[in-house]
Structures are given as structure tokens and as C-alpha cells.
Amino acid sequence: MLNSSVEISFVSPVYKAENILPKLVEEIQKTVSQLNVTYEIVLVDDRSPDGSWEVMQKLSQQFKEVKSVRLSKNFGQHPTIMAGLSQAKGNWVVVMDCDLQDQPKEVIKLYQKTKEGFDVVFARRHNRQDSFYKKMTSKVFSVIYGYFTDTKYDNTIANFGIYSSKVIQGVLNMNDYIKSFPLFVKWVGFKSTAIDVEHSERFEGETTYTLKKLLSLAFNTIISFSNKPLKLFVKFGLTISFLSFLFGLFTLYQALIGEIQVLGYSTIVVSIWFLSGVIITTIGVSGIYVGKIFDQTKNRPPFVIDKVLN
């Protein structure tokens, strides 16, 4: 239950960040001192294999405002964010990565913008300090996702932003098995805007998102938020059927006028293999959607919390 005694909750998923966390907390504290508001910092350990949890424990002992949450296993970034949101008590919630590419000082601009009546203020990275590979994959995903969902997806906007408590409550009420925080925020609506913020290079280390993980995230997100692949296969099937009907009429015409003496073996074989491929692919896509429905009906929680400090 959200509590008005805390003005801003900072929520950050943690993975392989043992050397970054003290600096992150320090920068957040500097920012809050300028805003002069009550706050809490919710750090959520996605069962990081390094010493991140030990560092979080020390920070919680040192600062009562630092709430450290540990999940029972590695669930992934977006379920980890949802776990942090479930523990946040602020009237406003800032979601940011722990690698300091999302700079805490930019929260001042985000918070001031909320005074204009916005429930959501997205941080738009107008000059992303990411590798060419990461920027390209993000751009490709935005184009593909926008096509399959018939929406406009801005790849310069990610998790970083400030959100009112009612927006967060709406996001937490979404019972989708596959979690995608920024897409959930867009779906729940409310008055929103975006402002440019300074994006920094990683404080330390490299991104843990491999190509395999990125492809899996993109695939699951599209399947979860769109049924357009099924519609495309229906259209494709109807097109093949129509073309086959026209080809059949043409073949019948040729047979009637005596132009066909022996039916072509190659044509039959190619047609069988082609249509079989279309059928198998269509069944496969349908099966994926059925599988996602099965996952949803099991109603398993997207995360399990092991420990909470402060």
C-alpha cells in the first residue's frame, strides 16, 4: 500500500553491481538533498552472482532509507523492477538502472516537470552513450515492435522516468505473465510527457544483455502484446489460397485445350513442400500463443522475494 509519508521512491534492479551501488546511493542522496523531500531507495537484487547483496546489506545498515530486497532466484530485469515497485511506498516512484547511465541528478528535472500536472515523465536519452550494437538492436526492436503492435515506440525511452503512485498501482494490477515495465506504463495511460536528459556511459562493467537474451525479450514481448503474427499468417494463407485457385483455373484451361500432356512432377513436389512449410509454421505460431496462454493460466507469480531489509 502506497504511503504519503514518502515523497519519492527510487527503485533500481541490481545485477553484477557490487562496485557501483555505493556511488549510486551517494548520487541519489545528493539529488534528494537539493529537492528537500522524504525519500527511500529500493534496491532489488536479482540474485546477482557477485557480492552485490553483501554491499546492499551494508548500505541498509548504514542508511535507514535504503531498502534492500533479494529475490529467491534470477527472474530477469523486468520482474525485478516489478518486485521493487511492490515494495515502494512513495507518492512518486523513480525507476532507474543501477549502472549510473541513468543519472540521479536528472531526477530534479523529472520531478519539477510533474508539477505541471503530469502523472508520468519519461526520461528521453537524446544522446545515448551506448555502443553502436546496442543502439542498433534497440532501433530494430522499436521498428519491429511498432509494426506488430501498430503503435509508436520510441527507442530513446526506456525504464528511467518518474511515475505517480496511481500509475504504479495500475502497472502492479496488470496480471500479465510476461513483464515489460515501459510497455505496461504506456498501456495504463494517464497524462504523460518526455523530456531530454543527459545519458552517461556505464560506471563500470558491460551490459549483461546478450544477443540471445535480447532476441528472447523482443520475441516474448511481441507475442505478449500483439496477436498480429496470427493475423499475418491468416492473410498469408488466404493469399496463397487465392493464388492457388487462380493457378488451378489456369491449369484446367491448359488441360482443356490440350497443352498439358503429363503433369509436372517438380511442380507437385515444390507445391507440397511449400504449403507444408506454411502449415507447419502457422501451427507453430498458434502453438506458441497457446503455450503463453498456458503459462498465464498457471497464475504463477513473476517473482518471489527472499529477504527484505529496512
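The shown structure was predicted, so the numbers you read here are calculated from the model rather than taken from an experiment. (Residues numbered from 1 in each chain as written. Predicted model: local features only at pLDDT ≥ 70, side-chain atom pairs only at ≥ 80, totals over all residues. Heavy atoms only, no water.)

S.K.: Just checking my understanding: could you explain the pattern of salt bridges for this structure?
M.R.: Where charged atoms from two side chains of opposite charge come close, those side chains can pair. Scanning all chains against the criterion turns up ten salt bridges. Lys-166 serves as the salt-bridge partner of Asp-119, at 3.6 Å between the closest nitrogen and oxygen. Placement of Asp-119 in the loop between α4 (107–114) and β5 (120–125) and of Lys-166 in helix α6 (residues 165–172) is noted, with a sequence separation of 47 residues between them. Looking at Lys-166, the relative accessible area reads 44%, which means it is partly exposed. Each of Lys-23, Glu-26, Glu-27 and Lys-30 takes part in salt bridges that share partners, so that together they form one network. (Salt bridge = Lys/Arg side-chain N within 4 Å of Asp/Glu carboxyl O. Helix = DSSP H or I, 4+ residues; strand = E, 2+ residues; numbered from the N terminus. Buried < 20%, exposed > 50% of the residue type's maximum accessible area, 1.4 Å probe, protein only.)

S.K.: Mind showing me how you'd approach the side chain of Asp-99 here?
M.R.: Structurally, Asp-99 can be placed in the loop between β4 (92–95) and α4. Within the structure, Asp-99 has its side chain in polar contact with the backbone nitrogen of Gln-101 (distance 3.0 Å). (Polar contact = N/O pair within 3.5 Å; in protein donor to acceptor, adjacent residues only side chain to side chain.)

S.K.: Honestly, α6 in this entry has me stumped. Any pointers?
M.R.: Given 3.6 residues per helical turn, the α-helix brings residues three or four places apart onto the same face. All of the buried residues in α6 are Val-167, Ile-168 and Val-171. One face of α6 carries all of its buried residues, which in axial projection span an arc of 95°. (Arc of directions from axis to C-beta.)

S.K.: Help me out: how do you make sense of the sheet that holds strand β7 (residues 192–197) in this one?
M.R.: Each strand in a sheet pairs with its neighbour through backbone hydrogen bonds, running either in the same direction (parallel) or in the opposite one (antiparallel). Taken together, the eight strands give an open sheet; going across it, the order is β7-β5-β6-β4-β1-β2-β3-β8, and neighbouring strands pair in mixed fashion. This sheet does not close on itself; its edge strands, each paired only once, are β7 and β8 (305–309). Ignoring which end each strand starts from, the neighbouring axes of this sheet average 20° apart. Bridge analysis of β4 against strand β6 (residues 157–164) gives four bridges, and the strand direction is antiparallel. Following the sheet pairing, Val-94 is matched in β6 by Ile-162. Sheet strands in contact with α4 are β1 (8–14), β4, β5, β6 and β7, and its direction is about 150° off that of β7. (Pairing = 2+ DSSP bridges. Axes fitted to C-alpha atoms, helices over the stretch in contact; angles between N-to-C directions. Contact = heavy atoms within 4.5 Å.)

S.K.: Would you mind showing me how to read helix α1 (residues 21–35) here?
M.R.: With 15 residues, α1 extends 21 Å from end C-alpha to end C-alpha; this agrees with the ideal 21 Å at 1.5 Å per step. Buried within α1 we find Leu-21, Leu-24, Val-25, Glu-27, Ile-28, Thr-31, Val-32 and Leu-35. Here the buried residues of α1 occupy an arc of 165° about the axis, which is enough to place them on one side. Exposed residues lying more than 90 degrees from the buried face of α1 are Ser-33 and Gln-34. Just beyond α1, the residue with positive phi is Asn-36, at close to 55°. (Expected span 1.5 Å × (residues − 1).)

S.K.: How should I be thinking about the nonpolar core in this particular structure?
M.R.: Grouped burial of nonpolar side chains is what soluble globular proteins tend to show. Formed by 36 residues in total, the largest nonpolar core has its most connected members in Phe-10, Leu-21 and Leu-43. Residue contributions to this core peak at six residues, all from α1. The residues touching Phe-10, leaving out its near neighbours within four places in the chain, are Ile-28, Val-32, Tyr-39, Glu-40, Ile-41, Val-42, Val-94, Met-96 and Val-107. The next biggest cluster of nonpolar side chains, apart from the first, holds 26 residues, and it includes Val-69, Ile-81, Ala-83 and Phe-122. (Core = buried A, V, L, I, M, F, W, Y, C linked by side-chain atoms within 4.5 Å.)

S.K.: Help me understand the packing of α1 against α4, please; the structure alone is not making it clear to me.
M.R.: Two elements in contact, α1 and α4, have axes separated by 10 Å at closest approach and are oriented at 40°. Our pair here, α1 against α4, has a crossing hand that is right-handed. Touching Thr-31, Gln-34 and Leu-35 of α1 are Val-107, Ile-108 and Tyr-111, all from α4. Its residues assigned to classes, the contact of α1 with α4 shows four nonpolar, two polar and no charged. (Left-handed = near helix turned anticlockwise from the far one by under 90°. Nonpolar A, V, L, I, M, F, W, Y, C, P; charged D, E, K, R; others polar.)

S.K.: Looking at this structure, how should I read unusual backbone geometry?
M.R.: Excluding glycine, residues mostly have negative phi values, and the peptide bonds linking residues are mostly trans. Positive phi, close to 50°, is recorded for Arg-47, a residue that is not glycine. Considering the arrangement of structural elements, one finds Arg-47 in the loop between β2 (39–45) and α2 (52–62). Arg-47 sits in the partly exposed class, given a relative accessible area of 29%. Even without glycine at this site, Leu-100 takes up a positive phi of about 70°. As for its position among the elements, Leu-100 is in the loop between β4 and α4. With relative accessibility at 9%, the residue Leu-100 sits in the buried group.

S.K.: How do you make sense of the packing of aromatic side chains when you look at a structure like this?
M.R.: Geometrically, a pair of aromatic rings is defined through the distance of the ring centres and the angle of the planes. Across all of its chains, the model carries one aromatic pair by this definition. Their ring planes at 75° and their centres at 6.2 Å tell us that Phe-122 and Tyr-163 sit as a pair that is edge-to-face. With a gap of 41 residues between them, Phe-122 in strand β5 and Tyr-163 in strand β6 connect regions that are remote in the sequence. Tyr-163 carries the same exposure label as Phe-122, and that label is buried. Positioned above the aromatic ring of Phe-122 is the side chain of Lys-186, whose terminal nitrogen or guanidinium carbon lies 5.1 Å from the ring centre. Directly above the aromatic system of Phe-118 lies the positively charged group of Lys-191, at a separation of 5.0 Å from the ring centroid. (Phe/Tyr/Trp six-rings, centres within 6.5 Å; stacked < 30°, edge-to-face > 60°. Lys NZ or Arg CZ within 6 Å of the ring centre and 35° of its normal.)

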